[in-house]
Each structure stands twice: as structure tokens, then as C-alpha cells.
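Topology and contacts: notes
The residues making up each chain are set out below.
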Amino acid sequence: GERQRVDGDISVANVRHRFGPAFVTLGRQVRTGGAARFARLDGISAGARTAFGLGVDGYGGFTVLPRWSASPGYHLLGSAADTLVRTPDSLPEPRRQQHWLAGGRVYYALADVGELGASFHEQQEDGGLGRRVLGFDLHASPHEVIDASALANVDLDAMDVADVRAAVDVYPIEPLSLAAEYQHAVPALYLSRQSVLSVFSTDAFDEVGGSATYRPWEPLQLSAGGYLDVFGDGATGMRLVSRVRITPLPGDRLLLVAGYRRVQEPESGYHGLRGAVGYRIIEPLMLTGESQLYLYDDPVRNALRGPAPDTGFSWVNGLSADWTWAAGWSTLLGGALSSTPYAAFDARVTARLRVDLWWGEGSCRLDPVAQQVGAVGSWWPPSWWRLRCSAW
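Here we summarise the structure given alongside this text. What you are looking at is a predicted structure, and each value in this text was computed from that prediction instead of being measured.

Turning to the overall build of the protein, a few remarks are in order. The number of helices and strands found in the protein is one helix and 23 strands. Here the protein holds 392 residues, and 27% of them are scored as buried. Sequence-distant contacts, at least 24 apart, represent 39% of the contacts inside the protein between residues at least 6 apart. Just so you have it, the protein exposes about 23,700 Å², and 63% of that area is on carbon and sulfur atoms.

Below, the structure is given as C-alpha cells:
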């Protein structure tokens, strides 16, 4: 039946040829950073860099269309199919020639000083404009104890700044690092221009803050940070983060992590608690466990069908075992259990096989997903399996 079909897809598969300071890549590939943010394409990319630091690269091809977004029960934020019709799977399949992207980046890098770049990205969706962005980025190390970075993206369709980020990291003494950060963002400009949500005004916000990390002795690391948010209507919010990381045994055989986060915004907020432990029982076997609890200031309306009380918390737990059973071969088996406003009970299982090849590394991962949904709920068998393989 439609809900029990077996399906699969290729995440990344390409071949790259290098010749001197230039390269050409052909196939399914990923572009990240700058104006592209994150994009996958079936096409070609190429670039070259001169001896004095000036470089250029470009890319173009058809956008990768994930078939998972057409699966029953899968909801894509801003998708017209999800918001305007009851049966998204009844819509015609998208035509790939109407989904394409292209872009590139020009940069100048000077050894031991930094890099300055400008990038452009255009993406067409369903024959219309999805994104047209111009980006600028800067990375600099003016001194051995100072690192600075900045980026800005301008939406050329809206003629507005989508986001600006800047950060300065300082290392005054060896066990101490300090960071100052600033961010300006317009969330509505992150969405595709074809999204029905992109036409709604979303408050821009500015955030400024800093963090510090201190290691009083080698096994102990302490981190803390605070950030102030100012929204477009003048309202304010804040974020506080803290973390303790301990490795008490030699060779980092035991890892303990505890963290606390506080987020407060005009309409809501939450307290977040996190605990994690990793222990290498014997050399080839590593066990890890993690638990995260979110306590909401105001209960979240329950998305479950039928009458159910609003939910004041989310709880996510994970456990995994990683076994290296031969040279270059390892397996991982893990699972996660969670309870959120969207599912009273959700169970996920992950199985992974990793192979270290003599010319590089590779891995295959098979993910079956089964979940129980509802206040009482019923068990659903795995609705899909995802196999992902890569080598590099």
C-alpha cells in the first residue's frame, strides 16, 4: 500500500577532479555558507585560486527534491500543500526543470591574516523565484589571541537585510576564552518567496551578548553566556546558557556533561536541563546516554487528536552503544524516546555501519522509524527506512 512503500534516495554522490589550484565537481553535492546557506543540487561546481590569494568558484544545476516531503503525515513548514489542501499527495509531482539553482563566491585570502568574500545565490521553485541573496563574509586573525568573523546576507527580492552576524573571540590566557557576539535577523526572509508564510510579517530582532569558557584544570571545563534580545516592536527577551564538562578518568574514558538554559521571550519561555554521560567500558565499546528536559513557562497547546490537556514540558532521552569489532569496522545501535506536545510517545531507532577504507573513510546508516502517537496511542510499524552511505 501507499503507506507501506519501500523507498530510498541518495544524499551525496559526486566525483571531484583537481588539477593544480582548480577543481571541478560533478554530481549530487551540498553547498553551505554565505548566500547559499544550505542547498543540495544535481549539477556541477568549479573553482580556482591564484597564488596570491584571489579565488572564485561557482555552481549550478537542478535542486534536489526530497521525496520524503511528499510522504503522508510529513509536514513542511510553509508548504502551500500543507496549508491549503487536505490531501497533499493528490497534487501533481513537481517538475525538476522548474527547480534549479545557481550561484558563486569570489574571495581573497591572505595567509595568517584572514579572508574576505562575496557570494550570490539564486534558487527557482515551481518556475518562480525562491531565493535571490547577496552575501558578504569576513574572517580575520589580527593577533594570535584574537579571532573575528562577520557575515551579512541581503535578500535582493525584498531589498532588505536578512541577517547580520558578528563575533570576536579572545584568548587572554591559555585556560580562558571570551566571546562577544551580535546578530540581526528577519525570520520571514529565511523562507522561500514561494512559501505562503513568507508574506506574513515576522518581527525582526537584534541580539547581543557574550560567553566565557574556563578550564581551571585539564579534566574540568566551565562555560557560561548571556544574551539580550530586542524585537522589532520594542519588546525584549534574553537567553542564559551554562555547561559543565568533566573527564575524570585517564584517556577520557568517562565523560560527564551537565547544562542549564533559560530562554525568556515576550509571549513565552522555558527552562532547559541537559545531562549526558559517555563511558568506554572496554577499548572497543563506548556507551552514551543523554537526557534533555524543557519546562515551559506557559503550557503548550497539545497537537494530539482528541481531548488532551495542554503540555507543560518536553522530555527527550537517548541511548547508544558503539562497538569497534575489527580494524576499520564499527557498528552503532541507538534509540531515543521522547514525550512532547506533538506526540505523547515517540520512539526512534538508529543502526549504523562504519567502514574506514585505506583511501579514506565511509559509512552506511539504516534508520527505521516507528512511533506511538496519542494520549493512549497505537503502535505504527516503520513507515519508512532511510539508507545513507558516504565515502570521502
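Following the structure, the description resumes.
A cluster of nonpolar residues, Leu249, Tyr279, Ile281, Ile282, Leu287, Trp323, Trp325, Trp329 and Leu353, forms a patch on the protein surface that exposes about 770 Å² of accessible area. Those elements that place two or more of their residues in the nonpolar patch are β15 (269-282) and β17 (311-326). When residues of the nonpolar patch are assigned to their parent elements, the largest contribution, three residues, is made by β15. Among the structural elements, Trp329 can be located in strand β18 (residues 329-340). The exposure class of Trp329 is partly exposed, given its relative accessible area of 36%.

The next thing to look at is the side chain of Thr63. Within the fold, Thr63 resides in strand β4 (residues 54-63). Owing to a relative accessible area of 10%, Thr63 belongs among the buried residues under this scheme. In this structure Thr63 touches Arg40, Arg96, His99, Trp100, Leu101 and Gln123, once residues within four positions along its chain are discounted.

Moving on, we get to the pairing of strand β1 (residues 13-19). Bridge analysis of β1 against strand β2 (residues 22-33) gives seven bridges, and the strand direction is antiparallel. Of the residues in β2, the one forming a bridge with Arg16 is Thr25.

This model, assessed by the stated rule, comprises three aromatic pairs. Here Tyr270 and Tyr294 contribute two aromatic rings whose centre-to-centre distance is 5.6 Å and whose plane-to-plane angle is 75°, an arrangement assigned as edge-to-face. Here the residue Tyr270 occupies a position in strand β15, and Tyr294 occupies one in strand β16 (residues 285-300), the gap between them amounting to 24 residues. Seen in terms of ring centroids, Trp325 and Trp329 are 5.7 Å apart; in terms of plane orientation they differ by 45°. Their pairing is tilted. The ring of Phe23 has Arg16 sitting right over it, with the charged end atom 4.5 Å from the ring centre.

Each value, and the rule that gives it
Residues numbered from 1 in each chain as written. Predicted model: local features only at pLDDT ≥ 70, side-chain atom pairs only at ≥ 80, totals over all residues. Heavy atoms only, no water. Helix = DSSP H or I, 4+ residues; strand = E, 2+ residues; numbered from the N terminus. Buried < 20%, exposed > 50% of the residue type's maximum accessible area, 1.4 Å probe, protein only. Contact = heavy atoms within 4.5 Å. Areas by Shrake-Rupley, 256 points an atom, 1.4 Å probe, with all protein chains shown as cover. Patch = residues over 30% accessible without salt bridge, like charges linked within 9 Å, V, L, I, M, F, W, Y side chains within 5 Å. Salt bridge = Lys/Arg side-chain N within 4 Å of Asp/Glu carboxyl O. Pairing = 2+ DSSP bridges. Phe/Tyr/Trp six-rings, centres within 6.5 Å; stacked < 30°, edge-to-face > 60°. Lys NZ or Arg CZ within 6 Å of the ring centre and 35° of its normal.

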